Amino acid sequence: MNHKVVSYLKLEEVRIDHIHIRAALTLVTNSTLTDHQAVILCLCRGRSPLRSRLTKTTIDHVGLQSDIAGIDFTPIYGTNDANIATELLIASLQFAIKSNSIITKISRRKKVIKPWITPGLIRCMRTRDRLHRKSKCDPDNHILKLSYKRYRNFCNNLLKRLKRNFERNEIMRAKNNNKRLWDTLKKITYTSKSDYRANDLIQAASVADSLNCVNEYFVNVGKSLADRIDCNNSGNVDLVLDRVGNSGLGSFVLLNTDSNEVSRMIAGLKSKCSVGWDNISNDLLKQHCHLLATPLTYIFNLCLSNGTFPSCLKKAVIIPIHKSGERDKVQNYRPISIFPSISKLLERLINTRLVRYLESNSLLSNSQFGFRTGKSTDNAVYELVDYIVQNLDKGNKTLGLFLDLAKAFDTVSIPILTKKLEKIGIRGVQLKLFNDYLTDRYQCVKFDNYFSRDIPVTYGVPQGSILGPVLFLIYINDLLELNSVRGKIISYADDTVLLFSAGTWDSVFREAQEASG
């Protein structure tokens, strides 16, 4: 009895000023039995709304093949509306995918801890830990202690050997791809960021409201920056590229495609990419290319001939990825846009013809090295170093002004871009197609299985798209053709450097001020 009283008194001496527990219910009640208020703490053992659910989607590929083969494409061929035809095709594929998909819950005991740790190895580790607990409970049992040490050494050596083999194989697979090799080395040395997820942006009590706020920020960030730009020189928008001038440039024409070209584009899609809102993956298109190439060809030709980009292909799913800084600030996140796979095919079809037109007519500046075939950062750095070295050999002073546009893709004005497209020979149905592609776009933010509401995008070219980078190059091409710059301009997309050289520093500063003023 005395022992219980002493224990009770010891507990009374412990004072806790603040308690913060997730998924808990706290109440303070008044009671007539005592003059103290009773504090009730109820720990909720339910699943947190932000806790990711371990599920696995299994697809019956045989049944999916049969269902897709049985799709009646007659309604698609019977309409001349590209929007209706695309919606019919997507709806048919979604129904086939849903009918042959089984979602099963994965036990957390079977969760893959590391790629090299197999289920058998997990059982081995659990046996090791179980022997360790038994040896601790019975320290005088030398046989049990010896058995634990031998099994522990065997298990640990096996873990190390499997890890070394896995890392060696990963490096060998990535040895011909520099980017993948660096990513593999960062992963092996644990120097890469382990978590890019936007958990800290989400409030458990209002997940939908949190996602809506994040989406509104991403949509308005470009417009907010663009509104600050001084529009007093808006008349310069109508300037034509010097190379276009009165050279008698013809009009851009979008020729129809055929099933062979569409099949090649499908085969060129990357595997294991994230799927858009329609849940149609690149792998599905590649596996059933022989069945889908013909209806896709019909839809794409409708788009090219009518100047229409289907509305259902203009919706982007945004995934916020943390860059740096505080995790609860949306400004520190980068939006990654995911578009439907069919949209990527149609964009690549248009982009191939657009790039061929731009390069054959020399419409893009030679100072632009970004997103162009045969040009890269290596070429841009070579031009930069070569210019500096040549002027230093002549005894000149060299000055470089490095420019970086903030939110470059997001601040593109669609009306101005449309005018520039018309100036370089994109007219008629082709201009209508690009205008339709750029307008009436929507995006939503995704986190786990939660989605924000759709918000229209009124500024910028679509990031993560195929056409976006080329359209951006057309938009800023006038910057690289300025005659007022006496030095040299080198640009890689939105990163630009202005180089000036002269015999004295005063002359260099004067030229730089005149060019930037």
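In case you missed it, the structure is sitting above this.
Everything numeric in this text was worked out from a predicted model, so none of it was measured. (Residues numbered from 1 in each chain as written. Predicted model: local features only at pLDDT ≥ 70, side-chain atom pairs only at ≥ 80, totals over all residues. Heavy atoms only, no water.)

Interhelical geometry of helix α9 (residues 259–267) versus helix α12 (residues 341–360) gives an angle of 110 degrees and a closest axis separation of 10 Å. Relative to α12, the element α9 lies roughly perpendicular. Here α9 runs over α12; the crossing is right-handed. Every residue of α12 that contacts α9 at E261, M265 and I266 is listed here: L345, R348, L349 and R353. Taken together, the residues of the contact of α9 with α12 break down into four nonpolar, no polar and three charged. (Axes fitted to C-alpha atoms, helices over the stretch in contact; angles between N-to-C directions. Helix = DSSP H or I, 4+ residues; strand = E, 2+ residues; numbered from the N terminus. Parallel < 35°, antiparallel > 145°, perpendicular 65-115°, else oblique. Left-handed = near helix turned anticlockwise from the far one by under 90°. Contact = heavy atoms within 4.5 Å. Nonpolar A, V, L, I, M, F, W, Y, C, P; charged D, E, K, R; others polar.)

Let's shift gears to the pattern of salt bridges. Scanning the model with the defined rule gives ten salt bridges in all. For K315, the salt bridge is made with D454, and the minimal N-O distance between the two is 3.3 Å. One end of the pair, K315, is in strand β5 (residues 315–322); the other, D454, is in the loop between β9 (450–451) and β10 (455–457), with 139 residues separating them in the sequence. (Salt bridge = Lys/Arg side-chain N within 4 Å of Asp/Glu carboxyl O.)

This part is about the sheet that holds strand β7 (residues 397–404). Hydrogen bonds along the backbone pair up the strands of a sheet, which may run parallel or antiparallel. Strand order in the open sheet formed by three strands is β7-β12-β11, and the pairing between neighbours is antiparallel. At either margin of the open sheet sits one strand with a lone partner, and together these are β7 and β11 (488–492). Geometrically, the sheet is characterised by an average inter-axis angle of 15 degrees between neighbouring strands, direction not taken into account. Relative to strand β12 (residues 495–502), β7 runs antiparallel, the two sharing eight bridges. (Pairing = 2+ DSSP bridges.)

As a further point, take the nonpolar core. Judged by nonpolar contacts, the single largest core of 65 residues is most densely connected at L354 and L471. By residue number, the principal contributor to this core is helix α11 (residues 289–306), which donates nine residues. With residues near it in sequence (within four places) discarded, L354 still touches F252, I426, F434, L467, V470, L471 and I474. (Core = buried A, V, L, I, M, F, W, Y, C linked by side-chain atoms within 4.5 Å. Buried < 20%, exposed > 50% of the residue type's maximum accessible area, 1.4 Å probe, protein only.)

Moving on: the pairing of strand β4 (residues 101–105). Burial within β4 is sparse, with just zero of its five residues counted as buried. Summarising the sheet, strand β3 (residues 55–59) and β4 pair through five bridges and their orientation is antiparallel. Bridged to T55 within β4 is K105.

Our next topic: the packing of helix α2 (residues 61–69) against helix α4 (residues 82–99). The angle between the axes and the distance between the axes are what describe a pair of packed helices. The geometry of α2 relative to α4 is characterised by a closest axis approach of 9 Å and an angle of 155 degrees between their N-to-C directions. Here α2 is positioned roughly antiparallel relative to α4, judged by the angle of their axes. You can see that α2 and α4 cross each other, and the crossing is right-handed. Residues L64, D67 and I68 of α2 form the contact with α4, whose participating residues are L93, A96, I97 and S99. Taken together, the residues of the contact of α2 with α4 break down into five nonpolar, one polar and one charged.

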